[in-house]
Amino acid sequence: MTLGDEELGPRDERAVDAAVTRLFARGPDGEGRVARRGVDLRFRRLAINDPSQAGLQPFQSEDGSVAVLVNGEIFNHRALRAAVGSGHRWRSGSDCEVLLPLYRAHGLAALERLCGMFAAVVVDLAERKVHLARDRFGIKPMFYSVRGDRIAVASEVSALASLLEAPAGIDWEAALSDPWFARYPCLSWPDPARWYAGAESVRPGEVVTISMTDGRVATRRWWRLGACLAGSAGAEGGPAATTPAEAPVAAYREALERSVADCLSGEADVALFLSGGIDSVAIAALARAGGARPLCVTSSAPAAELSGDLGAARAAADALGLPLVSWAPADVWPKLDADLWTGLLAITENPLTGPEQLYKMAIYVGLARSHRGVRVTLSGQGSDEFNGGYSTLFAPPGGGWDDFLTAVDLLAGEISAHRTIDLAAHWNRDLGAPVVRGRPRPPEATALPGDRGWRDYITSKCRDLELFNLWNEDRTAAAVSMENRVPFLDHPVVLTSARLGLDPALAARWLYDKRVLRAAVGPLLPEALAVREKVPFFYGRGAALAAREMASLLGADGGRLLEAALDGSPAAREWLDADALRAAALRVIEDPQARGWEGVLRVVNLALLDGLVTHRIQPPQIVPGAGA
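Treat the numbers as computed from the prediction; the structure is a model and nothing was measured. (Residues numbered from 1 in each chain as written. Predicted model: local features only at pLDDT ≥ 70, side-chain atom pairs only at ≥ 80, totals over all residues. Heavy atoms only, no water.)

If you walk across this open sheet you meet the 6 strands as β3-β4-β5-β6-β10-β11, and the pairing is antiparallel. In this open sheet, the two edge strands, each paired with only one partner strand, are β3 (59–60) and β11 (217–221). In terms of strand pairing, strand β4 (residues 66–74) meets strand β5 (residues 116–124) through 9 bridges, oriented antiparallel. What sits directly across from L69, in β5, is V121. (Pairing = 2+ DSSP bridges. Helix = DSSP H or I, 4+ residues; strand = E, 2+ residues; numbered from the N terminus.)

Let us look at the environment of R485. Its place among the elements puts R485 in strand β16 (residues 483–485). Residue classification places R485 among the buried positions, given a relative accessible area of 0%. Sequence separation between R485 and W222 is 263 residues; the distance between their C-alpha atoms is 22 Å. Of the polar contacts made by the side chain of R485, one reaches the side chain of E73; its length is 3.5 Å. (Buried < 20%, exposed > 50% of the residue type's maximum accessible area, 1.4 Å probe, protein only. Polar contact = N/O pair within 3.5 Å; in protein donor to acceptor, adjacent residues only side chain to side chain.)

Here M1 shows up in the segment before α1 (10–22). Residue class for M1 comes out buried when judged on its relative accessible area of 11%. Sequence spacing of M1 and V146 is 145 residues, and the spatial spacing of their C-alpha atoms is 9.6 Å. Not counting residues within four places of it along the chain, the set of residues in contact with M1 comprises G38, V39, L41, V123, V130, D149, R150, I151 and V153. (Contact = heavy atoms within 4.5 Å.)

Now for the pairing of β11. As judged from the 5 bridges shared by strand β10 (residues 206–211) and β11, these two strands associate in the antiparallel manner. The partner of V208 across the bridge, within β11, is T219. Taking the residues that link successive antiparallel strands as the turn, the β10-β11 hairpin has 5 residues, and the phi of G215 there is positive, at about 80°.

This part takes up unusual backbone geometry. Going from Q57 to P58, the amide bond is cis rather than trans, its omega being 5°. Even without glycine at this site, E349 takes up a positive phi of about 55°. Its location among the elements puts E349 in the loop between α12 (338–348) and α13 (355–370).

What follows deals with the sheet that holds strand β9 (residues 200–201). Strand order across the open sheet formed by 3 strands is β8-β7-β9, with antiparallel pairing between neighbours. Edge positions in the sheet fall to β8 (150–154) and β9, since each of these pairs with one other strand and no more. Direction of pairing for strand β7 (residues 143–147) relative to β8: antiparallel, over a ladder of 5 bridges. When the bridges of β8 are listed, F143 appears paired with A154.

Under the criterion given, the structure shown has 14 aromatic pairs. Each ring, one from F137 and one from F386, has its centre 5.8 Å from the other, and the planes form 55°; the classification is tilted. Of the two residues, F137 is situated in the loop between β6 (129–134) and β7 and F386 in helix α14 (residues 383–386); the sequence distance between them amounts to 249 residues. Looking at F386, the relative accessible area reads 1%, which means it is buried. With a centroid separation of 5.7 Å and an interplanar angle of 65°, the aromatic rings of F181 and W427 are classed as edge-to-face. Highlighted residues: F181 in the loop between α5 (172–176) and β9 and W427 in helix α17 (residues 423–431), separated in sequence by 246 residues. For F181, a relative accessible area of 0% translates into the label buried. Three or more aromatic residues link up through ring pairs in this structure, and these residues are F394, W401, F404, W454 and Y457. Directly above the ring of W90 sits R81, whose terminal nitrogen or CZ lies 4.2 Å from the centroid. (Phe/Tyr/Trp six-rings, centres within 6.5 Å; stacked < 30°, edge-to-face > 60°. Lys NZ or Arg CZ within 6 Å of the ring centre and 35° of its normal.)

Structure follows, in structure tokens:
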């Protein structure tokens, strides 16, 4: 889109074509377009609801003044359609069309009425404004840039880079200064991360409004979890529902049952990621209780088997009478090498990519090959964060909720301390060599105040979900033309459990070790599955094997991955000492159990991503059949 009335030229059209091509796998079922003077809107469709051509986006008002594009799902679209009634001439049965009449009737307040996972673009030509909105937890992605007289918007960074004449690369200072990325012991920094220079991300629950006249950008939060917990109403979160103190288990089960049913809806086959932990087992049990029989998928990677996940997944599938299939990376790719890892990073676009994404991508590729009708997957993201899943990991053995809160307050306080830490020294201690140059410093940020326990914790976990879990789940699913849905992040489910944390007695009883979830689905499960302890994916005994795999990756073909990273990113040599990085990598290769392999992998990921987004490195194809 251009500012003012300037026409888009042939170069612009070629740039949009290139961006759309990069998004083909995300939407292989057709391309819609709306072109006006200074506006070129394209949409690649993954058809799940109303697969007919009528559901192809963008949706336009009859007078052509408003166009709407929505990536994701509006689960309450039927109720919203009924409320709109005959005031709109419906073009399709698509769930996403409902945003068009809602926006025309209510403006941006329409967002508060939506239940679902979405990234939406509303182009209002009458107002000369572009509105970019994202769902409450950031399940669906959206990036934008306002550069010169051009406005660019895309679902992925690589597509956005194709729209820009001079795509910027990694923002090295911002990335190296992020405490979570640096593995600094504190709760996640409360402000947004910035991996890429020139690529702005719409935050969860945020709407960004860009003037098509002068390019001015205004942002506001249309939904905040903290405001809801404080009991505020209106645009910041809606009416403050209360969880009945006498019946939290029943309230939680009712909310989760409804969410699981919503996530199973649509005109496509569904698969469920089943790890054998209580989160995925709960989804499977509620789906089965509701009459569904989704295909279950899991990892058979040796590290996952050693952690006990594979055996638990088999036991859960047998107990619930559900089909289960599994894949390991070795079932999909001949070897773990530099090309495979670079191709995986081109998909995730995330410097936090690690073994988990490798294992997940293998499942997705195997699933796409063998079950072509599957377009939707379900996963348990969000349960750990809001049901007290990590409480037993924070507390000492034999501890309880108060011990968990004490640890949280200590880690929240470290955010303020982080401002005075020599972060380069911290990186280099972790890496075991003087790799990071200069003194990366975090920007000014509003530190968590500490002494708020549960609220500090879930504030930090919202950011972790945004930057890691949801980001990576979206990309790995989209790479094989699937959509990942997350029943635990329906906002009524989150609010039901999060509010328990505000009452010390209820929190101690129901949130420690996910007791509210275990109690809610316990009657549907064998006891061994209902009480299985928290086991992080591929950790435990599997952690050593995962470390050896990553060390093997760094050492493959004479260290080709590291050299490709350094060659493809001139900026990397400004921030990193190449010889020191080689020494750190060699130490990990020789002793995979040595501290620092995760840090080495993260800085290598940064350099590779810098080369990929600036087109100095061409992404290897690791998903058979993907692309136009």
